[in-house]
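Breakdown of the fold
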Amino acid sequence: MNGKNMRLDGEKTSPKQENLQLKRGIGLFSGVSLIAGTMIGSGIFMSPQWVLYYVGSPGASLLIWAACGLLAMLGALTYAELGTVIKESGGDYIYILRNIGSLPAFLLAFTSIMVTRPASIAAISLSFAEYVVASFYQDCPMPQVVVKCTAAVCILVLTIINCLSVRLATSFMNIFTTAKILVLLVIIAGGMVLLAKGNTQVLQNSFENTVTGFGPIGLAFYQGLWSYDGWNNLNSVTEELKNPQVNLPRAVMIAIPLVTFIYILVNVSYFAALNPTELLSSDAVAVSWGVKVLGTWTWLISLGVAFSTCGSANGVFFSGGRVCYVAAREGHLPDILSMVHVNRLTPSPALIFTSFISLIMIIPSDFSSIINFFSFTVWLYYGVNIAGFLYVKIKKPDIPRPYKVPIIIPIIVLIASVYLVVAPIIFSPQLGYLYVILFILSGTILYIPVVHYKWSPKVFRSLTLHLQLLLEVAPADKEQ
Ligand code: ARG
């Protein structure tokens, strides 16, 4: 099979250039749009009502949105130092592998492939579906089966696009990013007009009914932080970033304040148009906002949300493919998941596998519970990762560090992540969190024979071979 000389960026290498060498094609602008494009997805259209639900008042909601932006910024600055010291792609996975060890890195790869990535794709496509379906059911409740089938169609279409061509996927990403920013600007402008007309009731007495308590605040953070997730996305592809020492910190410093600013203004706009009761009872916040402010032009919002969610899910598929590929390069994942289609040069096995699990996940779940478990799991890993980073920073102060983050920043993020993981368990305990932990640990059962003892039964090899033939995929060249 024509398995040699392939590159994941969609170009063939010359016969002599056998190693997969990822090209440094991402400049500052693309870096910023890669971060902002993944961050802005479903959250800003879905989570505001959940943040409000947990903290009770518009004023406290806005504070949570600002605090989430700050936390994302501090986290991303820490990751900027990580990404300039450890120059390989792969984000969290590669940092945990280099700073902590093989088993925790394997557990992260295992969890991300089996749970967090499919769960986030499921959640984003459920929100896509809720918006699309809500436009047809404006005066009555939406049938859940219609929502779930629409979400499934979204996942299947994205899988097909991503399997067909990397270029097609990136062009879709660019169109979607532009569309989503335009829609958010429309929402902000509408809010400004309402405020100028004197619709400021909600912003007076804005802290009335505020709920305090560690549990609800932790859950409100989970919902808000979902909208900011993606802040470390550029770290997954640092091998492809031009001049990463300079561009990684810069891209972070541009993208995250920009997104935070947009999110806060969009929330102000929602509050200017809808009172807390209307917000909480709405199926789709931005549509309710549109019905009130834009009237017959509400379809514009639904269309924008559809683009935004598809774009973000597309970004998760795309960067997830890189992490999968790096983990397989390190021998942590089955070979088949790192293979690429021989003609289309897309990582189709990883994509099909992810899509399969995402489809299963949309059946029992709803948006808000997926988000809570997702945030719990990712913040557990961010915490582990930052602890490893601090350990190495203190132990080996002499490693060259092109970008240095003041040590207080990772310490704050570490404390925040401990709080985020522990608070909901203690104050709003759910069996689900225990299942997540048991699931992560169950990866060890796989790790010991498969990675540690490199056990590879014959049936596995022949299954891989059959799948290779069926899917027309072959291994991409490993970097030396
Ligand atoms: N922030 C995105 C949204 O609001 C979700 C990003 C999911 N991130 C991930 N790494 N899977 O929809």
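Residues numbered from 1 in each chain as written. Predicted model: local features only at pLDDT ≥ 70, side-chain atom pairs only at ≥ 80, totals over all residues. Heavy atoms only, no water.

A short note on the pattern of salt bridges
- Taken as a whole and judged by the stated rule, the model has five salt bridges.
- Linking Glu-81 and Lys-393 is a salt bridge whose minimum nitrogen-to-oxygen distance equals 3.1 Å. Taken together, the positions of Glu-81 in helix α3 (residues 58-85) and Lys-393 in helix α14 (residues 367-395) put the pair 312 residues apart, joining distant regions of the chain.
- Among the residues examined, Glu-81 registers a relative accessible area of 0% and is labelled buried.
- A relative accessible area of 12% places Lys-393 in the buried class.
- Here Arg-98 ties to Glu-330 by a salt bridge, and the two come within 3.2 Å at their closest N and O atoms. (Salt bridge = Lys/Arg side-chain N within 4 Å of Asp/Glu carboxyl O. Helix = DSSP H or I, 4+ residues; strand = E, 2+ residues; numbered from the N terminus. Buried < 20%, exposed > 50% of the residue type's maximum accessible area, 1.4 Å probe, protein only.)

Digging into the state of the cysteines
- This model, assessed by the stated rule, comprises zero disulfides.
- Cysteine Cys-163 is unpaired, with the sulfur of Cys-324 as its nearest cysteine sulfur at 12 Å. (Disulfide = S-S within 2.5 Å.)

A closer look at the site of the ligand
- Taken together, the neighbourhood of the ligand is formed by 13 residues, with Met-39, Ser-42, Gly-43, Ser-120 and Trp-226 sitting nearest.
- With respect to the ligand, the backbone of Trp-226 contributes an N or O atom lying 2.8 Å from a nitrogen atom.
- Here the ligand, which alone exposes 350 Å², has 89% of that area covered by the protein.
- Of all the secondary-structure elements, those providing two or more residues to the shell around the ligand are α1 (28-39), α5 (102-134), α8 (214-228) and α12 (298-329).
- When the residues that make up the shell around the ligand are grouped by side-chain class, the tally is five nonpolar, seven polar and one charged. (Near = heavy atom within 4 Å. Polar contact = N/O pair within 3.5 Å; in protein donor to acceptor, adjacent residues only side chain to side chain. Areas by Shrake-Rupley, 256 points an atom, 1.4 Å probe, with all protein chains shown as cover. Nonpolar A, V, L, I, M, F, W, Y, C, P; charged D, E, K, R; others polar.)

Some details on the nonpolar core
- Core analysis: the biggest nonpolar cluster contains 147 residues, and Phe-45, Tyr-93 and Trp-379 have the highest contact counts within it.
- Sorting elements by how many residues they give to this core places α5 first, with 18 residues. (Core = buried A, V, L, I, M, F, W, Y, C linked by side-chain atoms within 4.5 Å.)

Some remarks on the confidence of the model for the protein chain
- With 94% of its residues at a pLDDT of at least 70, the protein chain reaches an overall mean of 85.
- Low confidence marks residues 1-21, where pLDDT is under 50. Its contacts with residues over four positions away, or in another chain, come to 57 contacts.
- Reported confidence for the predicted complex is 0.97 by ipTM and 0.87 by pTM. (pLDDT = per-residue confidence, 0-100. Contact = heavy atoms within 4.5 Å.)

Topic: the packing of helix α6 (residues 144-164) against α12
- Remark: α6 packs on α12, axes separated minimally by 10 Å, with the N-to-C direction vectors making an angle of 50°. Considered as vectors, α6 and α12 are oriented oblique to each other. Regarding α6 and α12, the two cross each other, and that crossing is right-handed. Contact with α6, carried on its side by Cys-154, Leu-158, Thr-159 and Asn-162, involves Cys-310, Ala-313, Asn-314 and Phe-317 of α12 and no other residues of that element.
- In terms of residue class, the contact of α6 with α12 is built from five nonpolar, three polar and no charged. (Axes fitted to C-alpha atoms, helices over the stretch in contact; angles between N-to-C directions. Parallel < 35°, antiparallel > 145°, perpendicular 65-115°, else oblique. Left-handed = near helix turned anticlockwise from the far one by under 90°.)

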